[in-house]
Amino acid sequence: MSNKLDLSSVCMESLLEVPSTLSKPKRRWHLAFATIYCSRALYSLLNHPVNNKKRSKTLPTSPSSFVILNVKPQHGFSNFDQHSLTQIVKHKSLTQLLELGGVEGVAIVLETDAENGIHGAVEGVTCRRKAFGSNTYQEPPTKSFFYFVVEAFKDVTILILVACATLSLGFGIKEEGLKEGWYDGGSILVAVFLVISVSAVSNFRQNRQFDKLSKVSNNIQVDVVRDGRRQQISIFEVVVGDVVCLKIGDQVPADGLFQDGHSLQVDESSMTGESDHVEVDTSLNPFLFSGTRVADGYARMLVTSVGMNTAWGEMMSTISRDANEQTPLQARLNKLTSSIGKVGLAVAFLVLTVLLVRYFTGSTEDENGNQEFKGSLTKADDIVNAVVRIIAAAVTIVVVAIPEGLPLAVTLTLAYSMKRMMADQAMVRRLSACETMGSATTICTDKTGTLTLNQMKVTKFWLGQDPIQENASSSIATDVLKLIQQGVALNTTGSIYRATSGSKYEFSGSPTEKAILSWAVLELNMDMEELKQTCTILRVEAFNSEKKQSGVALRNKADNKVHVHWKGAAEMILEMCSTYYDASGSMRDLGHVERTTFEQIIQGMAASSLRCIAFAHNQLPEEEHEIREATQKLKEDSLTLIGLVGIKDPCRPGVRKAVEDCQHAGVNVKMITGDNIFTARAIATECGILRPDQDMNNEAVVEGEVFWQYTPDERMEKVDKIRVMARSSPFDKLLMVQCLKQKGHVVAVTGDGTNDAPALKEADIGLSMGIQGTEVAKESSDIIILDDNFASVATVLRWGRCVYNNIQKFIQFQLTVNVAALVINFVAAVSAGEIPLTAVQLLWVNLIMDTLGALALATEQPTKELMEKPPMGRTEPLISNIMWRNLLAQALYQIAVLLTLQFKGESIFGVSKKVKDTLIFNTFVLCQVFNEFNARELEKKTIFKGLHKNKLFLGIIGITIILQVVMVEFLKKFADTERLDWGQWGACIGIAAASWPIGWVVKSIPVSDKPFISYLKW
């Protein structure tokens, strides 16, 4: 008992250690909970025996309305029943929350400071993660290698081959014994196993690659306050007790409670299916759920549940997701595969019929020259064995005829390009975007952060009609200076952190907010914390890309007067003003002449590529304030203009070249920005989007509102001419995308705001910004540009074209093999009653062209030449005239050579039938090896350019040649081959190498632009 009392006293001491940083009310809460715990602990020790093992550990269920807290010291801080709090939030039980002391009471139990967040950075986070779990969700188990093996076995042709091989194996062992009889059937089984293994390994690796990319895309950055410092952390690092800062477009990272904020509206459609936004506040609905999105306003939330304990986690645990996405190109290739497969089936059926007829009419001979079928004299086992061999040969023709490597090639090239694009600062969220980007004809880009560096700094400040020089805050009238400081400090979503009085300031928020805060603190000596203490915020209208302004109503504690502050786009704020402060602090009327002067000041700053922000203010009588409170609207007229600031955001280095590259590639670049028309024009000219000779009168530059007011016919007529759209809203951007698509353009759009989501979804390729982009924008996009740089957009365009080009290379290579193999086998079967290539040999050819060929050709890197061609249209055929020219020439050459060997090979080389068949097999394989080089370039004659850079291609060619030598020279019985001498090898290589000069000559033949088979639609 004494030991237990000692232990309890230690626990009590740890509870009674109240953090000094807590405010007095919170200290009282902490001590109250500690006292309750100590009382219960002492009572329990005095009334219950120590070894009561049978006592239930679970809390009794109670019909009463109150919640039982299981308060006990765990991992160094007081803890409570996690399940109870989870249920309170999940069921939005306000009554039960109030019984806990509201949000403040929960914060005390969680040992969280409402202002400064959790304490003890590393140790505190670790303890909380142990106590409450991590912010991760259970995911469906990843597909194992065995799964892909089973999937490969589901191929009907493979199953028929396995059945034939098994029968052949059984009959062979029965007739010739185990030592000799297993070769025919066993070799087919080994070849099938090899094909399946390579296919399964490839698919397994790609699936793992996609899983990794998926985890990266889910790794969202979240703003939290810890130890009084606002910082960004991964969503997976959020713990119970964290204070999370939310703004428009953010994803709520966990379940929690609204702590403080303004005008917060949340989109809970992911949870409830309801599209209406839900208002969240302290009094009526303080509950926030993981996975929902902030639609308006800003707030700070207290995290109460993470990971699988959240409502979203519970829902996710019941959902199994399958990320198998078929891209449009894969769908087209499947149709192509199906069409070729039908031809292959028809040829295989004819071969099967001819071989069976010739066998049963006694027209075939065995290896010794004896007639195989002698009617009733032939054993049943021999008949079955012969039929099985014929069926296996026919089925193998189908295996070779069906280009199964096409879908694999798409998967490989997409996976490879996704991995390389990740290194080039582009994360692909939807596979289809990789290939669609190659067809893009127009890119609509944002300005801020994409074309510019997003490193903003206030460089100009105008008070009235006079510019104020740097470090001249002392010359500003005290009253006006105070209003400017108020307008900056209290009408912002940014924050300032300073560890000690001597350390540097840390500014957080959007780049614009950080620039203004930095200017106000360093130039105007603003003290944000002090200003917050002197005023009470009554209402906030948060900034969004449609309004382009934000406002705040506040009450001054000193004189109890209500003030309204507005901040936003200079010309919009100017329209709301009727008076202004001059440099001396006097208020003057804003007449027509003065208004024109201010407009010229704004235009002058804009022409210097500055973003113009204006500050305005008004003091409200109490009666007017009460009326506006009822309508929930801030005063938007008769304001007093306080001042103007010009913010410089320099263009990114290299952006002009990237724009020129896109234009050279036949892709139009349009800039859509919220800045005014003068700033937009200056930046567009600097970036190369607009030529200096294109002024605003030739319809190259237009404002969003003007574009909206055009008639539908006018919009369709002018949309191609527009290069810059200024003062645009997200709806203007959406309208432009729709117009461009109607005109047949393939449109890529960049966006970062929540309201950009409709345009990102409407576009053929949505590109969101990884740094400044909101989570809503990222979710709506296909590709995330991780560095917010337009040069990365140009890189994505290059990779998109590379994907399409690589697929076309592989199609040309594979169809050459398909055509040649089908014709050779069909002609030989019909004329001679036999096929020159055995099942094992055909499976080896299938492996070369399907898997190794896909690996070699699908991993070619993008070249400069890709950006010298015009974009590919939506309806352009998959197999171009150039490809038909190349593949038919090579296929006809192979057919001619191999049929000559089939019928005259024995006499030409003076060899036996077995050696002749080996020569045909060897020549056929080597022809594919040499043709693989031809396939590297569809149009150019220089097939070796850049070859040294593609080590994978060279490695695969080397492996193929080595394995071919092994097949011919060392696997005599397995591959049904005979060893060849040096002269015969030289002849095979010489015949195959002739495909290079043939390819060189053929590429000189011009082709028509009209599709060769325009009446066929793949």
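Residues numbered from 1 in each chain as written. Predicted model: local features only at pLDDT ≥ 70, side-chain atom pairs only at ≥ 80, totals over all residues. Heavy atoms only, no water.

Examining the confidence of the model for the protein
And then number 1: Looking at the protein as a whole, its pLDDT mean stands at 80, while 84% of the residues score no less than 70.
And then number 2: Counting interchain partners and residues more than four positions distant, the pLDDT-below-50 stretch residues 48–77 has 42 contacts.
And then number 3: Contacts for the low-pLDDT stretch residues 319–323, under 50 throughout, to residues beyond four places or in other chains number five contacts. (pLDDT = per-residue confidence, 0-100. Contact = heavy atoms within 4.5 Å.)

A word on the nonpolar core
And then number 1: Ranked by internal contacts, the top residues of the largest apolar core, which has 83 residues, are Met437, Ile765, Ile783, Phe790 and Ile811.
And then number 2: Per-element tally for this core: the top contributor is helix 29 (residues 790–832), with 14 residues.
And then number 3: Once you skip the residues sitting within four places of it in the chain, isoleucine 765 turns out to touch Ala433, Thr436, Met437, Ala440, Val746, Val747, Ala748, Val749, Asp782 and Ile783.
And then number 4: The next biggest cluster of nonpolar side chains, apart from the first, holds 67 residues, and it includes Ile158, Ala191, Leu842 and Trp844. (Core = buried A, V, L, I, M, F, W, Y, C linked by side-chain atoms within 4.5 Å. Buried < 20%, exposed > 50% of the residue type's maximum accessible area, 1.4 Å probe, protein only. Helix = DSSP H or I, 4+ residues; strand = E, 2+ residues; numbered from the N terminus.)

Section: helix 32 (residues 913–934)
Along an α-helix, residues three or four apart share an orientation, since each turn contains 3.6 residues.
And then number 1: Compared with the 32 Å implied by 1.5 Å per residue over 22 residues, the 31 Å span of helix 32 between its first and last C-alpha is a close match.
And then number 2: In terms of residue burial, helix 32 counts as a mostly covered element, since 20 of its 22 residues are buried. (Expected span 1.5 Å × (residues − 1).)

Here's the deal with a nonpolar patch on the surface
And then number 1: Judged by side-chain polarity, Val156, Ile160 and Ile391 come together as a nonpolar surface patch covering roughly 220 Å² of accessible area.
And then number 2: Note that isoleucine 391 resides in helix 13 (residues 380–401). (Patch = residues over 30% accessible without salt bridge, like charges linked within 9 Å, V, L, I, M, F, W, Y side chains within 5 Å. Areas by Shrake-Rupley, 256 points an atom, 1.4 Å probe, with all protein chains shown as cover. Salt bridge = Lys/Arg side-chain N within 4 Å of Asp/Glu carboxyl O.)

Structural notes on the packing of helix 31 (residues 881–909) against helix 32
And then number 1: One way to put it is that helix 31 packs onto helix 32 with a least axis distance of 9 Å and a crossing angle of 160°. Taken as axis vectors, helix 31 and helix 32 run roughly antiparallel relative to one another. Regarding helix 31 and helix 32, the two cross each other, and that crossing is right-handed. Of helix 32, the residues touching helix 31 (which contributes Gln890, Gln894, Val897, Leu898, Leu901, Gln902, Gly905, Glu906 and Phe909) are Lys913, Lys916, Asp917, Leu919, Ile920, Thr923, Phe924, Cys927, Gln928, Asn931 and Asn934. (Axes fitted to C-alpha atoms, helices over the stretch in contact; angles between N-to-C directions. Parallel < 35°, antiparallel > 145°, perpendicular 65-115°, else oblique. Left-handed = near helix turned anticlockwise from the far one by under 90°.)

Concerning the pattern of salt bridges
And then number 1: A complete count under the given rule lists 33 salt bridges for this structure.
And then number 2: Glutamate 762 is paired through a salt bridge with lysine 741; the nearest N and O atoms lie 3.9 Å apart. Taken together, the positions of glutamate 762 in helix 27 (residues 757–762) and lysine 741 in helix 26 (residues 730–742) put the pair 21 residues apart, joining distant regions of the chain.
And then number 3: Within this structure, Glu906, Lys913, Lys916 and Asp917 form a network of salt bridges that share partners.

Observations regarding the packing of aromatic side chains
And then number 1: Counted under the stated rule, the structure contains 15 aromatic pairs.
And then number 2: Judged by centre distance (6.2 Å) and plane angle (65°), the ring pair of phenylalanine 148 and phenylalanine 204 falls under edge-to-face. Here phenylalanine 148 is found in helix 7 (residues 145–153), whereas its partner phenylalanine 204 is found in helix 9 (residues 183–218), with 56 residues between them in sequence.
And then number 3: Ring geometry for phenylalanine 944 versus tryptophan 996: centroids 5.1 Å apart, planes at 80°, classification edge-to-face. In this pair, phenylalanine 944 sits in the loop between helix 32 and helix 33 (951–969) while tryptophan 996 sits in helix 36 (residues 995–1002), placing the two residues 52 residues apart along the sequence.
And then number 4: Residue classification places tryptophan 996 among the partly exposed residues on the basis of a relative accessible area of 27%.
And then number 5: Here the aromatic residues Phe930, Phe933, Phe944, Phe953 and Trp996 are joined through ring pairs into a cluster of three or more.
And then number 6: Between the NZ or CZ atom of arginine 498 and the centre of the ring of tyrosine 505, over which it lies, the distance is 4.2 Å. (Phe/Tyr/Trp six-rings, centres within 6.5 Å; stacked < 30°, edge-to-face > 60°. Lys NZ or Arg CZ within 6 Å of the ring centre and 35° of its normal.)

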